[in-house]
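# Results of the structural survey
Next come the chains, spelled out residue by residue.
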Amino acid sequence: MHLHKLEKWWLILGISALIIFLVVLGFGAFYMGTHPQSHGLTIDPNNVEANEAFQQENLGLTKVDEDHYIVNVVASAFNYNLGVDEDGNSVTHIKIPKGSSVLFQVVTTDVIHGFNIAGTNVNMMVEPGYVSSMEVQMNKVGEFTLLCNEYCGVGHHMMFTTVEVYE
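Residues numbered from 1 in each chain as written. Predicted model: local features only at pLDDT ≥ 70, side-chain atom pairs only at ≥ 80, totals over all residues. Heavy atoms only, no water.

## Things to note about the overall build of the protein chain
Counting its regular elements, the protein chain contains one helix and eleven strands. Listing the helices and strands of the protein chain from first to last along the sequence gives α-β-β-β-β-β-β-β-β-β-β-β. C-alpha atoms of the protein chain, sized along the principal axes, occupy 80 × 40 × 30 Å. Out of the 167 residues belonging to the protein chain, those deemed buried represent 33%. Averaged over its 6 positive side-chain charges, the protein chain has a centre that lies 22 Å from the centre of its 18 negative ones. (Helix = DSSP H or I, 4+ residues; strand = E, 2+ residues; numbered from the N terminus. Buried < 20%, exposed > 50% of the residue type's maximum accessible area, 1.4 Å probe, protein only. Lys, Arg positive; Asp, Glu negative; His and termini not counted. Charge placed at Lys NZ, Arg CZ, Asp CG, Glu CD.)

Laid out in structure tokens, this is it:
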């Protein structure tokens with residue numbers, strides 16, 4: 001069988017691209033530990049309060065250690081539940097010191113939601129039945145909008161809150 005010179009080059013290019021893709025995928029999966037959501041922590045979406053982290057008193061920002069925080073959030077129909085303040089009002093603004101390491105843990109009780117803090121690298125898809133978590137270093141000072149970037153229904157545009165990173 002005789003192949004034209006250009007056909008050989010295209011075959012070499014295609015096979016090389018496939019090998020590079022598989023090497024990158026293998027590196028991410030096995031060396032870096034990147035896995036799909038199915039390897040995450042599961043939760044009953046009808047009873048998220050059974051998990052201690054998502055009980056009403058544990059929602060929102062919690063200081064764990066010096067410069068280490070956890071933010072527990074329950075997403076549901078057009079709302080991010082970050083708990084309540086001293087006056088019993090829903091928390092709609094959280095303040096985090098610059099340079100802090102923050103673990104965001106988010107669950108949903110109804111449909112797929114997004115969890116995106118615009119202007120940062122925090123971006124997760126929140127699926128019913130799973131705890132979505134991401135740990136980030138908050139190094140950029142400013143006020144950022146936490147919004148749902150997955151269409152979740154007619155009130156989707158009302159699903160936002162603010163995150164302030166201060167000096």
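Having put the structure on the table, let's press on.
## Observations concerning the packing of aromatic side chains
Enumeration over the complete set of coordinates arrives at three aromatic pairs. Between the aromatic rings of Phe27 and Tyr31, the centroid separation amounts to 5.1 Å while the plane-to-plane angle is 25°, which identifies the pairing as stacked. You can see Phe27 and its partner Tyr31 sitting in helix H1 (residues 5–31), four residues apart, about one turn around the helix. Geometrically, the ring pair formed by Tyr80 and Phe115 is edge-to-face, given 5.7 Å between the ring centres and 85° between the ring planes. Of this pair, Tyr80 sits in strand S4 (residues 79–81) while Phe115 sits in strand S7 (residues 113–117), and the two are 35 residues apart along the sequence. Judged by relative accessible area, Tyr80 falls into the buried class, the value being 5%. Take Phe115: its relative accessible area is 0%, and that puts it in the buried class. Of the aromatic side chains, those joined through ring pairs into one cluster are Tyr80, Phe104 and Phe115. Positioned over the ring face of Tyr166 is Lys95, at 5.5 Å from the centre of the ring. (Phe/Tyr/Trp six-rings, centres within 6.5 Å; stacked < 30°, edge-to-face > 60°. Lys NZ or Arg CZ within 6 Å of the ring centre and 35° of its normal.)

## Some thoughts on H1
Taking 1.5 Å of rise per residue, the 27 residues of H1 would be expected to cover 39 Å, and the 38 Å separating its terminal C-alpha atoms lies within 8% of that figure. Gly33, located one to two residues past H1, shows a positive phi value of around 75°. (Expected span 1.5 Å × (residues − 1).)

## A look at the side chain of Gln105
Turning to its location among the elements, Gln105 is positioned in strand S6 (residues 100–108). Given a relative accessible area of 18%, Gln105 falls into the buried group. Reaching out from Gln105, the side chain makes a polar contact with the side chain of Asn72 at a distance of 2.7 Å. Setting aside anything within four residues of it in sequence, one finds Gln105 in contact with Ala53, Phe54, Ile70, Val71, Asn72, Val73, Val131, Ser132 and Ser133. (Polar contact = N/O pair within 3.5 Å; in protein donor to acceptor, adjacent residues only side chain to side chain. Contact = heavy atoms within 4.5 Å.)

## Topic: the pairing of strand S3 (residues 68–76)
Consecutive residues of a regular strand have side chains that alternate between opposite faces of the sheet. Across the nine residues of S3, seven count as buried, placing the element largely inside the fold. Here strand S2 (residues 60–65) folds back onto S3, and the loop between the two strands holds two residues, one of which, Asp67, carries a positive phi near 60°. Judged from the eight bridges that link them, S3 and S6 form a sheet pairing that is parallel. Each residue of the ladder has a partner; that of Val74, found in S6, is Val107. Here three bridges tie S3 to S4, and the two strands are oriented antiparallel to one another. By the bridge assignment, Ala75 is partnered in S4 with Tyr80. From the end of S3 to the start of S4, which pair antiparallel, there are two residues, and Phe78 there has a positive phi angle of about 65°. (Pairing = 2+ DSSP bridges.)

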